[in-house]
Amino acid sequence: MKFGAQIALLLPLLATLPFVSAQHTSNWAVLVSTSRFWFNYRHLANVLSMYRTVKRLGIPDSQIILMLADDVACNPRNVFPASVFNNADRGLDLYGNNIEVDYRGYEVTVENFIRLLTDRVEPDTPRSKRLLTDDRSNVFVYMTGHGGNEFLKFQDAEEISAFDIADAFEQMWEKKRYHQMLFMIDTCQANTMYSKFYSPNILATGSSKLDESSLSHHGDNDVGVAVIDRYTYYNLEFLENNVKNASSKHTMKDLFDSYDIGKIHSTPGVRTDLFNRKLDEVLIMDFFGNVQNVEVDAEGDVEKWKVDAEELSRLAAKITMPGAGCAKNATKSGATVPSPPDAQKILAMKVEEKTSPIRNAIGVCALGACAAAWFAATLLGKS
Amino acid sequence: MRLRPWLNSLLLLFLTTTVCAYVYKDYDENLLLKTLPNNAVLASFRFVTNGTYTNHHSLFPRSLAQILSHSNTRELHLKFTMGRWDAESWGAQPFNGQTAGGTGVELWAWVEAVDGPTADKRWTTLTNALSGLFCASLNFIDGTRTIRPVMSFTPDGDHEDMDRLHLLHGSLPREPVCTENLTPFLKLLPCKGKVGISSLLDGHKLFDAQWQSMSIDVRPVCTAPDSCVLQLTQTVDMVLDVERSLQRRDYPVPRPRPREELNCDPNKPYGADGSPCFPRSNIADLPWSISEVFGRPLHSYCPLASEPAEHVCLDVPQERPIYITRDSIEVRHPDGRRCYTLPPAGDFDIILPQQSPALPITPFPEPPLYASRSFTGHGQEHGGVKAVIKNPHPTRPVEFVYLESLPWFMKPYLHTLKTTIYPAPPATGDADLESPVTALYYRPAIDRSRGTHLEASLLLPANSTLILTYDFEKAILRYTEYPPDANRGFDIAPAVITVLKHSPSPQHTLPYTISGAPIQQGHGRVAIRTTSLLLSLPTPDFSMPYNVIILTSTVMALAFGSVFNLLVRRFVGADEVAGKKKFGTVVEKIREKVRRLKGKRKTE
């Protein structure tokens, strides 16, 4: 009976759910290439292709977290400086003229990735390195690199396991850091990576099943290495040919139905059991595009606004203007002689060899005292 | 496009007078192109913006102003540099080397704070914020990479209270510089790289240069006691290889030239009739234009900059003809520079035709010092550093400061620091007077929390070479402290050499001013940087832990097995065994039988 009462209480809440779950107010993308070294060029090309796609469909740079574990664009081995191509025809330069890489090189670590997702970051972390999402944000997470059964290698030095990602996503859910999530991964045995997820509203897809490799599509003889992976290539092909602009009505079902094992050469997987919407109702633009919806709550609460405004004005009054009036006496500080080290400043020590009569006297006294002690000891020993 | 050479002296006179009288502006930009030997071209872009921390209507970028104000930074210098400046053939660096940093990223700033620890905290805030703004891993400048130089740097700005300012310096020699650093750099400009000279800044050309440096300098400038502004100077210097740029236009992929296109040296004994040929260098000044070397023409001019000013200046031999697009006016300066105004609309291009034979090019004047630095020694434990610094001037001695910032895992022995001068100066008998070291500042490293800071003030006599050496010990890192590519080695930041009291030569002064005040940087000091070094530390085999685990397990299994065996087995004497008799009887019985059989035979 008690159970029935609880259900009755929950019913009004449940009634609002379908309305709520259909809406999101912002879109974010976390794009991660975990591979270092030149021969992993294709992983950077994969992730940069996705970066171009989400940017093309409207997600601004401020809402894209791009993690590149190595620099291939300005790598001395790259015959095309500041360019990265995902096709041997070199029609599109993925690096372009406008790119913002948020985490690069040694910064791409498992720790930083999990800190980014869960927002457990250092207090000084700049906004561009944080995932500032809320419970109305749709998040697209794309990862690529070298992986295996339930792990993905970072920088050829450490691994993230499927359990780590699953737990991080659960923390995100508990902290209301996403509304819905699309997880896409292109690596060997990729489907094992999302097998441990247990948080709601995650739609996951991967390039290959257990014990199956994820293969590269083709190479470029002038670049000298493979330039893109097959799974990402066919995803992009679909997005380029069908999702031409932000008004596209193509659904995730269309994307997943376009996967062809014969072309991809591995078995792509889709996990929908955590996702409570029908795939043919989920637009691709829900994850790859951007919305800027505003949610207004607490209508007509005038008093609260007044309190907020007062508090803000008090804060504004407190703000001092540093450097508003700079040097007044305009002292030229270009003297070649360094200013004497201040007591409060931490400075290097000046190495000097001082020879003063007092120092010499101290030395002589010390030596004399030692000699006297030794002499006294021998005398005492004899007696 | 109709092109014609401009030579109108009357107009020239008129323009020079108007240019000198232009009014106060908050933004100005300028491009200097200078031909260097071996068909290289130096392109030096300068953008100067005036503003304040608080005034949001000024052109000063708000993103940067907020960071500076939040971290209490009063003066900032941030440099992104790649490649090596070839001083032997190009001469001294432009602007006394003040606009370039060492390889990778170099940052120094004067932070206002009451004491050292507060300054450190604000410095961390600053580096983290800048890492977000400039897409570089500046947050890796932590305590181990930060030093506080004593003599090498002086503030360029006008500061009120020097006692409260803390100078902090950090560098990341391993940091790559690429388009993601140029993108935020351009976003700081008022015209965002869309029009004006910044429209030429394309990552594909900039990062194809032989040497390039992007620099951001912020300093307070006071023209009068009560009128102070915050001045942001953004500079891009790059040395382009004209031959390579032109080749890229024809073949995007670098390929060897066909033989008929090579200029073989006929003076060499080989090279005739199809055999390998020795190419002649610099036989002609190659034809080039702005649109060819930068990949696009200069688009219009930035309306926020002062006008009508000479935004583009060219420093090429006087005899070389130059063609420009129609709506531009040429101004010839007495020092040989030819400057051009930009057209109000449309594209601007400068075309230099081929010049054969090549005209003699005056490179930049000789630098006050040539410096190089290398590692000595061998093995995994010890090593040495040898810096060779040469004063080429025949009569003038040079006073300079040598600054090293070493990571904690490279531990120098200060007592091994030695300086030798060649040719040896005449002996005076007094060792103190003979030593070129006039002052030495040192702050030793602390493992994992602080790097070594070594700063020496030296006096080098004219026309002589100084060799500075010291030995160091390599630390062994912990397993998790190694980066993913540990076998590549660890980059050691370039040494910074600051020449004090150098009289600036005319070519070093800037070709223009903003708001009446000439831009001065470094107070006539010259900065020279050596290349970075690659230190190889003893690197473990990273599969070692697994080997250790396997080996330990084997040893443990063996030890445990034998001990367990000893403990549970009962040892008894051979004669105490109960079953022995039985066993013996069986053998005895067989023997008995054999004996009996033998006996039977004998009896038979």
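Numbering of residues starts from 1 in each chain and follows the order in which that chain's sequence is written. Labels are handed out in written order, letters beginning with A for the chains and numbers beginning with 1 for the ligands. Since the coordinates come from a predicted model, pLDDT governs what is reported: local features require at least 70, and pairs of side-chain atoms require 80 or more to be given and counted, while whole-chain, interface and lining totals use all residues. Calculation of side-chain values draws on the structure's entire complement of heavy atoms; hydrogens and water are dropped beforehand.

The secondary structure listing takes helices from DSSP runs of H or I that are at least 4 residues long and strands from runs of E that are at least 2 residues long, numbered from the N terminus. When helices and strands are counted, chain B shows 11 helices and 28 strands. Counting all 604 residues of chain B, 51% fall into the buried class. In this analysis, two residues are considered to be in contact whenever any of their non-hydrogen atoms come within 4.5 Å of each other. Sequence separation of at least 24 residues holds for 76% of the intrachain contacts in chain B that already meet a minimum separation of 6. Only the protein chains shown count as cover for residues, with accessible areas throughout obtained via the Shrake-Rupley method and a probe of 1.4 Å. Entry remark: accessible area of chain B is about 28300 Å², with carbon and sulfur atoms responsible for 57%. Only protein chains enter the calculation, and the probe is 1.4 Å; a residue is then buried if its accessible area is under 20% of its type maximum, exposed if over 50%, and partly exposed in between.

Before going further, it helps to examine the sheet that holds strand β5 (residues 147-148) of chain A. Residue and element names in this part refer to chain A. Across the sheet, three strands lie side by side as β5-β6-β7; this open sheet has antiparallel pairing. The sheet is open, and its two borders are formed by β5 and β7 (158-161), each paired with just one other strand. To obtain each axis, a line is fitted to C-alpha atoms, and for helices this fit is confined to the stretch in contact; angles are then taken between N-to-C directions over 0 to 180 degrees. Against the sheet, helix α3 (residues 110-118) makes contact with β6 (151-154) and β7, and its axis sits at roughly 35° relative to β7, the strand it touches most. For two strands to count as paired, DSSP must find a minimum of two bridges between them.

What follows concerns unusual backbone geometry. Look at the link from Tyr422 of chain B to Pro423 of chain B: it is a cis peptide, with omega at -15°. Here the phi dihedral of Glu150 of chain A falls at roughly 65°; this positive angle occurs in a residue that is not glycine. Tracing the backbone through its elements, the reader meets Glu150 of chain A in the loop between β5 and β6. Looking at Glu150 of chain A, the relative accessible area reads 23%, which means it is partly exposed. Its identity as a non-glycine residue notwithstanding, Gln155 of chain A has a phi of 60°, on the positive side. On the secondary structure map, Gln155 of chain A appears in the loop between β6 and β7.

With that settled, consider the environment of His333 of chain B. Relative to the helices and strands, His333 of chain B resides in the loop between β13 (330-332) and β14 (338-341). Along the backbone, His333 of chain B and Arg601 of chain B are 268 residues apart, and their C-alpha atoms lie at a distance of 139 Å.

Right, let's talk about the environment of Thr251 of chain A for a bit. All names here are of chain A. Structurally, Thr251 can be placed in the loop between α5 (230-242) and α6 (252-257). Each C-alpha atom of the pair Thr251 and Leu279 lies 6.9 Å from the other, and the pair is 28 residues apart in sequence. Among residues more than four places away in sequence, those in contact with Thr251 are Leu279, Asp280, Glu281, Val282, Leu283 and Ile284.

Residue and element names in this part refer to chain A. Its 13 residues place the ends of helix α4 (residues 162-174) 18 Å apart at the C-alpha level, agreeing with the 18 Å of an ideal helix rising 1.5 Å per residue. Of all the positions in α4, only Ala162, Ile165, Ala166, Ala168, Phe169, Glu170 and Met172 are classed as buried. Among the structural elements, α3, β4 (137-144), β7, β8 (180-186) and β9 (202-206) are those in contact with the buried residues of α4. Expected span, for any helix, means 1.5 Å times one less than how many residues it has.

Another aspect to go through is the UniProt feature "transmembrane region" (unreviewed entry) in chain B. Under the local residue numbering, the UniProt record ascribes the feature "transmembrane region" (unreviewed entry) to residues 546-568 of chain B. The straight-line gap between the two end C-alpha atoms of residues 546-568 of chain B is 32 Å; of that span, 100% is helix and 0% is strand. UniProt positions are given in the numbering used here, feature names are shortened, and annotations may be inferred rather than shown by experiment.

Let's shift gears to the nonpolar core. Here, nonpolar core refers to any group of buried Ala, Val, Leu, Ile, Met, Phe, Trp, Tyr and Cys residues whose side-chain atoms link them within 4.5 Å. If you look at the biggest cluster of nonpolar residues, it comprises 75 residues, and the most contacted ones within it are Leu33, Phe45, Leu64, Phe294 and Ile350 of chain B. A total of seven residues in this core trace back to one element, the largest contributor, which is helix α4 (residues 116-134) of chain B. Not counting chain neighbours up to four residues away, the residues in contact with Ile350 of chain B comprise Trp288, Ser289, Ile290, Val312, Leu314, Ile322, Tyr323, Ile324 and Tyr340 of chain B. Among the nonpolar cores identified, the runner-up in size contains 55 residues, and Trp38, Ile228 and Tyr231 of chain A together with Val253 of chain B belong to it.

Excluding any residue in a salt bridge, patches collect residues exceeding 30% relative accessible area, merging like charges within 9 Å and nonpolar Val, Leu, Ile, Met, Phe, Trp and Tyr side chains within 5 Å. Basic side-chain nitrogens of Lys or Arg form a salt bridge, by our definition, when they fall within 4 Å of a carboxyl oxygen of Asp or Glu. We count Lys and Arg on the positive side and Asp and Glu on the negative side, and we leave His and both chain ends out. A single reference atom marks each charge: NZ on Lys, CZ on Arg, CG on Asp, CD on Glu. Together, Lys589, Lys593, Arg596 and Lys600 of chain B line one region of the surface with positive charge. Here Lys589 of chain B lies in helix α11 (residues 580-603).

Between chain B and chain A, the residue contacts involve 72 residues of the former and 54 residues of the latter. Summed over both partners, the accessible surface that disappears when two parts come together, traced with a 1.4 Å probe, is what is meant by buried area. Summed over both sides, the interface of chain B with chain A buries roughly 5300 Å², with 56% coming from carbon and sulfur. Of all residues in chain B, the largest losses of buried area upon contact with chain A belong to Glu160, His204 and Pro484 of chain B, amounting jointly to 11% of the total for that side. For the pair chain B and chain A, the interface holds four salt bridges. Here Glu175 of chain B and Arg104 of chain A are joined by a salt bridge, their closest N and O atoms 2.9 Å apart. Each polar contact in these results corresponds to two N or O atoms within 3.5 Å; when the atoms are within protein, one needs to be able to donate a hydrogen and the other to accept it, and residues that are neighboring in sequence are counted only if both atoms are side-chain atoms. Our count for the contact surface shared by chain B and chain A stands at 25 residue pairs in polar contact (both at pLDDT 80 or more). Among the secondary structure elements, those contributing two or more residues to the side of chain B that touches chain A are α4, β6 (165-172), α5 (179-187), α6 (203-206), β7 (211-224) and β22 (437-443) of chain B. The element that contributes the greatest number of residues to the side of chain B that touches chain A is α4 of chain B, accounting for nine residues. Residues are grouped as follows: Ala, Val, Leu, Ile, Met, Phe, Trp, Tyr, Cys and Pro are nonpolar; Asp, Glu, Lys and Arg are charged; every other residue, Gly included, is polar. Its residues assigned to classes, the side of chain B that touches chain A comprises 30 nonpolar, 21 polar and 21 charged. Relative to β22 of chain B, strand β13 (residues 349-350) of chain A runs antiparallel, the two being bridged by two bridges. The residue bridging Met349 of chain A from the neighbouring strand is Tyr442 of chain B, located in β22 of chain B.

Attention now goes to the packing of helix α2 (residues 41-56) of chain A against α5 of chain A. Residue and element names in this part refer to chain A. Contact geometry of α2 with α5 gives a least axis separation of 10 Å together with a crossing angle of 20°. Between α2 and α5, the angle is such that the two are roughly parallel. By crossing handedness, the relation of α2 to α5 is classed as left-handed. Side by side, α2 and α5 meet where Asn46, Ser49, Met50, Thr53 and Arg56 of the first sit next to Thr232, Asn235, Leu236, Leu239 and Glu240 of the second. To sort the angles, those under 35 degrees are grouped as roughly parallel, those over 145 as roughly antiparallel, those from 65 to 115 as roughly perpendicular, and the leftovers as oblique. Each helix crossing is assigned a hand: it is left-handed if the near helix lies turned anticlockwise from the far helix by less than a right angle, otherwise right-handed if that turn is clockwise.

This paragraph deals with the confidence of the model for chain B. Residue and element names in this part refer to chain B. Of the residues in chain B, 87% have a pLDDT of 70 or more, and the chain-wide mean is 84. Of the regions scoring below 50 in pLDDT, residues 1-24 engages in 35 contacts with residues more than four places distant in sequence or in other chains. pLDDT expresses how confident the predictor is about each individual residue, on a scale running from 0 to 100. Low pLDDT (under 50) marks residues 505-518, which in the prediction has 33 contacts with non-local residues, meaning those over four places away or in another chain. Interface scoring of the predicted complex returns ipTM 0.83; its pTM is 0.83.

Turning to the pattern of salt bridges, a few remarks are in order. Inspection of every chain in the model, using the stated rule, returns 40 salt bridges over all chains. Put simply, Arg277 of chain A and Asp286 of chain A hold a salt bridge, and the shortest N to O gap is 3.4 Å. As far as burial versus exposure is concerned, Arg277 of chain A and Asp286 of chain A are alike and both buried. Where Glu481 of chain B meets Arg448 of chain B, a salt bridge forms, and the shortest distance between an N and an O atom there is 2.4 Å. Separated by 33 residues along the polypeptide, Glu481 of chain B in the loop between β24 (464-474) and β25 (490-492) and Arg448 of chain B in the loop between β22 and β23 (452-460) bring together distant segments of the chain. Judged by relative accessible area, which is 30%, Arg448 of chain B ranks as partly exposed. Through salt bridges that share partners, Arg36 and Asp70 of chain A together with Arg174 and Asp485 of chain B make up one connected network.

Residues and elements named next belong to chain A. The buried count for strand β1 (residues 26-33) comes to eight of eight residues, which makes it a mostly enclosed element. Side chains of β1 alternate between two faces, with Ser26, Trp28, Val30 and Val32 and Asn27, Ala29, Leu31 and Ser33 buried alike. In the sheet, β1 pairs with β4 via eight bridges, with the strands oriented parallel. Within β4, the position partnered with Val30 by the bridge is Val141. Inspection of the sheet shows β1 paired to strand β2 (residues 64-68) by five bridges, in the parallel sense.

This part covers the domain arrangement of chain B. Split into domains, chain B comes out as domain 1 (26-365), domain 2 (370-504) and domain 3 (550-603). Here domain 1 of chain B and domain 3 of chain B have C-alpha centroids that lie 91 Å from each other. Each domain's extent is set by a domain assignment, obtained either automatically or from a database.

Now for the UniProt feature "active site" (unreviewed entry) in chain A. Residues and elements named next belong to chain A. The UniProt record annotates "active site" (unreviewed entry) at His146 and Cys188. For the residues just named, distributed over 43 residues, the greatest C-alpha separation is only 6.5 Å, placing them together at one site. As for its position among the elements, His146 is in the loop between β4 and β5. Owing to a relative accessible area of 25%, His146 belongs among the partly exposed residues under this scheme.

Residues and elements named next belong to chain B. Following the sequence through the fold, Ser405 ends up in strand β19 (residues 398-406). Note on Ser405: relative accessible area 12%, which makes it buried. Leaving out residues up to four positions away in the same chain, Ser405 has contacts with Arg145, Ile147, Thr452 and Ala493.

Moving on, we come to the state of the cysteines. When the sulfur atoms of two cysteines come within 2.5 Å, that pair is taken as a disulfide. This model, assessed by the stated rule, comprises four disulfides over all chains. Paired through a disulfide, Cys191 of chain B and Cys302 of chain B show a sulfur-sulfur distance of 1.8 Å. Taking the sign of the torsion about the S-S bond as the criterion, the disulfide between Cys191 of chain B and Cys302 of chain B, at about 75°, is right-handed. With Cys191 of chain B in the loop between α5 and α6 and Cys302 of chain B in the loop between β10 (298-299) and β11 (310-315), the pair connects residues that are 111 residues apart, well separated along the chain. Just as Cys191 of chain B is buried, Cys302 of chain B falls in that class too. Cys365 of chain A provides the cysteine sulfur closest to Cys370 of chain A, a residue in no disulfide bond, and the two sulfurs are 11 Å apart. Under the relative-accessibility criterion, Cys370 of chain A is labelled exposed at 53%.

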